[in-house]
Amino acid sequence: MVTAVGWLTLLLATSFASRIPLKIISMSSTRYTGLSGVRRGQSRVSDAEKERGRVRAEPRQHGGRGGPVVMWFRRDLRVEDNRALVKAAEAKHGIIPLFVWSPEEERESAPGAAARVWLRAVLEDLNKTLTERYSNPLIVRTAASAAEALGQVIKETGATRIIFNKVHEPSIIERDKNLLGKLHTIFQDSGLVAEIDQVDGSHVLYTPKMIEMPVGQYRGGHWGTLTPFMRSIAKLPKPKRPIPPPRTLPRAEVNLSSSAIEQTIVHWDGEWGDKNSPMRWGGPVSKWESDMMGRWGSDAGTEYGGRERMRMFLEIDLGRYEATRSNADIRAELSSHGHSPVSVLSPYLRWGQISPNTIYWAIKDIEKSGTLPRAKLKSFSRRIIWRDLAYFQLCTFPDMHSKPIRSHYKAHPWVEDREIIRRWQRGQTGFPMVDAGMRELWKTGWIQQSVRMIVASFLVEYLGVNWIEGHKWFHDTLVDQDTAINAMMWQNAGRCGIDQWNFVLDATSGFQDPTGSYVRRWCPELKHLPNKYLHKPWEANEATLRKAGVQLGSTYPTRILTDLKKARLRTKENALAMLRTPESVKMTDPNGYDLITIPGKGISRVFTRREFRNRKPDDPKNYESKDQKRITSFFQKDIARNKSHSKGKRKDRSRQSKEVEKDNNARRQEKVTVTVTVTVAVTVAVTVAVTVAVTVAVTVAVTVTVTLRLPLRLPLRLRLWLR
């Protein structure tokens, strides 16, 4: 019996142990063999396939049995905190560092003109690092698709493993799904058994699939906004701490050709780069590129530059971020050793020269050390969460770069005057704050968030131009061009995003440029104007303009709009006209809030500015449809719940207060009863104990006295009582 139990225990332990590695592998990465539909570790292969020699019947060992490993760099162009690279470094037969340039395949995620300039610098720096530190240079290939480039490398080298970090962008996710099937075919045709490892690296802190955000709960924020998003990620494990770079990257014993980086990452000629592209104006493209990158310093686009930029900001400038992040007049030095009111880390994050995990844990370590109070870390620490929120929205709405999330907003009437759009793009609107922002964007490929919001608000709210035009231009001119962040900002600016802006920024107030240094830097033709007129030069008299050397319409353009209030009212009326159409009314809840359809989740209410809630036609019954009735019914319970937390708050509090008071009285009564019971019990117990003790003592004393015939010396009263 004992022997049988022992053997059974050993069998179960062995079976359990044999499953542990497989589970760990399936959690950390996705592995495939060259045999479609058969996972690593399975050895059952058809006789026909064995005879053809396309696959091996036995499972392969970790890292492949004789072929090198391809490390495919994508949005992780660094060696620090690169989990796929560290995993590749375990290979025994050498590593092939590879970058594939296939912009047509990436569609909306492909970099625009300015981002391509930055990307070239990034790739040159990565190649230098791999060559000097590891003697293993970067291989760059150009192809119509990544599958084509990877297939060529597999056939040329006999590689048996491909490793890469996941990218959470819809077009890339779709590309990767198609890629797996194509690579399976390539491996089979090459007679190889290979593995494809997709590593959850650190493209984002929390992958979009991890986020669970209930629909229909509006306390503390509507669906898809920051507050409920932060509540959702608070339930998840903390992001992984960054890891050091691998010590070695053994070079594969293969001969591979590589394209020249400066000839591979060519100028943008796709959908965004039309005749309005920045490369089309202002002289040769090479001068525009060199001038732009020159403003970022000698280490622009390098991994070292990004880490130094982060160190400088966290050690010196972070303490004033909370107070100065909206001030455009505090000069933002773009070089890695310069001071800035904002971090200027966005391009390094975009191309993966710094991981979000590195920034996240750097902030956590500062908070733990007590170097800065938590209040001064709050806003900046949330910036990295905003980035994750943008990717969550993009993965939920893959077309948000070109289609409004509030689907009924596609009928919004917009101004389509190309001359107006061109003047905005070139910083020639006649509004100094807007022009300064757009000129800085053109010359540096970057502007801080507060200025981005000013120029976006001006384009949409005052010029009445479609937000998609702004998105396209930013895509083409930002070195930190990020589809998720760019689309989220412009959707909200265009009022059709999940969290439409609850404000309209005034480009003439100068509140973000109180000293005027920002406008004077980027609009030097106005530098001699007094601060009083700097943001409104049209209000200065002729003498003041003449003294400052300003001639409106000649040295500086006249205003593109003469009446901002009228222009804003026109845009608002256009929006309300659209919102009162039958199609829009269908997508409105009874309280006037917009409704959106969340793929796979249903209908949700989203935040809507008060001025756009009063949209119902004179006779709502004429427009009420089955859809509207269904939506109204769907939201009845939610409306009742919301009312109980708004208009009926006092009544609820009164009822809850009475219930609480009743509970408290019951608890107090219970405590009194228990106290009395315990007191009586203790009193009785003590009385009985004392009585017994005294009786026993007296009895013993009398017994001893009588037995020994000792003189009994008792008190007189006791002796009389005994008689």
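Residues numbered from 1 in each chain as written. Predicted model: local features only at pLDDT ≥ 70, side-chain atom pairs only at ≥ 80, totals over all residues. Heavy atoms only, no water.

Asker: What is the right way to read the layout of surface pockets from this model?
Answerer: Remark: the empty space left among the atoms is shown by a probe the size of a water molecule rolled over them. By volume, the largest pocket amounts to about 1,300 Å³. Mapped by element, the contributors of at least two residues to the lining of the largest pocket are helix H13 (346-350), helix H15 (378-396), helix H18 (449-462) and helix H20 (483-493). By residue class, the composition of the lining of the largest pocket is 21 nonpolar, twelve polar and nine charged. Within this model, the second largest pocket holds a volume of roughly 660 Å³. Those elements that provide at least two residues to the lining of the second largest pocket are helix H7 (170-189) and H15. Ranked by residue count, the leading element in the lining of the second largest pocket is H7, at six residues. Each residue belonging to the lining of the second largest pocket can be placed in one class, and the counts come to twelve nonpolar, four polar and seven charged. (1 Å grid on protein atoms, 1.4 Å probe; cavity = no way out; pocket = protein on both sides within 12 Å on 5 of 7 lines; lining within 4 Å. Points joined across faces, edges and corners; volume = space filled by probe spheres on them. Helix = DSSP H or I, 4+ residues; strand = E, 2+ residues; numbered from the N terminus. Nonpolar A, V, L, I, M, F, W, Y, C, P; charged D, E, K, R; others polar.)

Asker: Just to check I follow, could you spell out the packing of aromatic side chains for this structure?
Answerer: Here the structure, examined in full by the defined rule, presents 18 aromatic pairs. Taken together, a centroid distance of 5.4 Å and an interplanar angle of 75° make the contact between Tyr321 and Phe380 edge-to-face. Taken together, the residues span a long stretch of sequence, with Tyr321 in helix H12 (residues 321-324) and Phe380 in helix H15 at a distance of 59 residues. According to the relative accessible area criterion, Tyr321 is buried, its value standing at 6%. The class for Phe380 is buried, based on a relative accessible area of 6%. Taking the centre distance of 5.2 Å and the plane angle of 85° together, the rings of Phe474 and Trp490 count as edge-to-face. In this pair, Phe474 is assigned in helix H19 (residues 467-477) and Trp490 in helix H20, connecting sequence segments 16 residues apart. Residue classification places Phe474 among the buried positions, given a relative accessible area of 0%. Look at Trp490 and you get buried, because its relative accessible area is 0%. The lysine or arginine in question, Arg74, covers the ring of Trp72, its NZ or CZ lying 4.6 Å from the ring centre. Lying across the ring of Tyr593, Arg605 places its NZ or CZ 4.4 Å from the centre. (Phe/Tyr/Trp six-rings, centres within 6.5 Å; stacked < 30°, edge-to-face > 60°. Buried < 20%, exposed > 50% of the residue type's maximum accessible area, 1.4 Å probe, protein only. Lys NZ or Arg CZ within 6 Å of the ring centre and 35° of its normal.)

Asker: What's the story with the pairing of strand E6 (residues 195-199) in this structure? I'm lost.
Answerer: Consecutive side chains of a regular strand alternate in pointing toward one face of the sheet and then the other. Most of E6 is tucked away: five of the five residues are buried. Burial along E6 is two-sided: the face carrying Glu195, Asp197 and Val199 and the face carrying Ile196 and Gln198 are both buried. Note: strand E5 (residues 161-165) against E6, five bridges, orientation parallel. From the neighbouring strand, Phe164 faces E6, where its bridge partner is Gln198. (Pairing = 2+ DSSP bridges.)

Asker: Honestly, unusual backbone geometry in this entry has me stumped. Any pointers?
Answerer: Of all residues except glycine, most have a negative phi; of all peptide bonds, most are trans. Here Asp81, not a glycine, exhibits a phi torsion of approximately 50°, which is positive. Take Asp81: it is sitting in the loop between strand E2 (69-73) and helix H3 (83-88). Of note, the phi angle at Val344 is positive, near 55°, even though the residue is not glycine. Here Val344 shows up in the loop between H12 and H13. According to the relative accessible area criterion, Val344 is buried, its value standing at 2%.

Asker: Looking at this structure, I do not really get helix H14 (residues 356-369). What am I missing?
Answerer: In an α-helix, one full turn covers 3.6 residues, which means residues spaced three or four apart are oriented alike. Taking 1.5 Å as the rise per residue, H14 with 14 residues should run 20 Å; its terminal C-alpha atoms sit 20 Å apart, in good agreement. Along H14, the residues classified as buried are Pro356, Asn357, Thr358, Ile359, Tyr360, Trp361, Ala362, Ile363 and Ile366. At the C-terminal side of H14, Gly370 shows a positive phi close to 80°. (Expected span 1.5 Å × (residues − 1).)

Asker: How should I be thinking about the confidence of the model for the protein chain in this particular structure?
Answerer: Interpreting fine coordinate detail is not advised for predicted regions of low pLDDT. The predicted model of the protein chain averages 81 in pLDDT, with 76% of residues at 70 or higher. Segment residues 1-64: pLDDT under 50, and 90 contacts once partners within four positions in sequence are set aside and those in other chains are kept. (pLDDT = per-residue confidence, 0-100. Contact = heavy atoms within 4.5 Å.)

Asker: Looking at this model, I keep getting lost on the nonpolar core. Mind explaining?
Answerer: Looking at soluble globular proteins, one finds that nonpolar side chains tend to be buried together. Ranked by size, the top nonpolar core spans 89 residues in total, and within it Phe99, Trp118, Leu318 and Ile359 carry the most contacts. Core analysis: the next-biggest nonpolar cluster, separate from the first, contains 57 residues, Tyr409, Ile454, Ile468 and Leu534 among them. (Core = buried A, V, L, I, M, F, W, Y, C linked by side-chain atoms within 4.5 Å.)

Asker: In this structure, what is going on with the pairing of E5? I would like to understand it.
Answerer: By the criterion of burial, E5 is predominantly enclosed, with five of the five residues buried. Direction of pairing for E2 relative to E5: parallel, over a ladder of three bridges. Each bridged residue has a counterpart across the sheet, and for Val69 the counterpart in E5 is Arg161.

Asker: Where do I start with the packing of helix H8 (residues 226-234) against H15 in this structure?
Answerer: Two quantities define a packed helix pair, namely the angle between the helix axes and the distance between the axes. Running from N to C, H8 and H15 point in directions that differ by 95°, and their axes come no closer than 10 Å. One way to sum up the angle between H8 and H15 is to call them roughly perpendicular. For the pair H8 and H15, contact is made by Leu226, Phe229, Met230 and Ile233 and by Arg382, Ile385, Trp386, Asp388, Leu389 and Phe392, respectively. Residue composition of the contact of H8 with H15, by class: eight nonpolar, no polar and two charged. (Axes fitted to C-alpha atoms, helices over the stretch in contact; angles between N-to-C directions. Parallel < 35°, antiparallel > 145°, perpendicular 65-115°, else oblique.)

Asker: How should I be thinking about the pattern of salt bridges in this particular structure?
Answerer: When the charged atoms of two side chains lie near each other, side chains of opposite charge can form a pair. One pass over the structure, following the stated rule, counts 33 salt bridges. Note that Glu469 is salt-bridged to Arg418, the shortest N-O span being 3.2 Å. Of this pair, Glu469 sits in helix H19 while Arg418 sits in helix H16 (residues 418-425), placing them 51 residues apart in sequence. You can call Arg418 partly exposed: its relative accessible area is 28%. A salt bridge links Arg495 to Glu461, with the nearest nitrogen and oxygen atoms 3.1 Å apart. Highlighted residues: Arg495 in the loop between H20 and helix H21 (517-522) and Glu461 in helix H18, separated in sequence by 34 residues. Per residue, the accessibility class of Arg495 equals that of Glu461, and both read buried. Salt bridges here are not isolated pairs; linked through shared partners, they connect Glu461, Arg495, Arg568, Lys572, Arg609 and Glu611. (Salt bridge = Lys/Arg side-chain N within 4 Å of Asp/Glu carboxyl O.)

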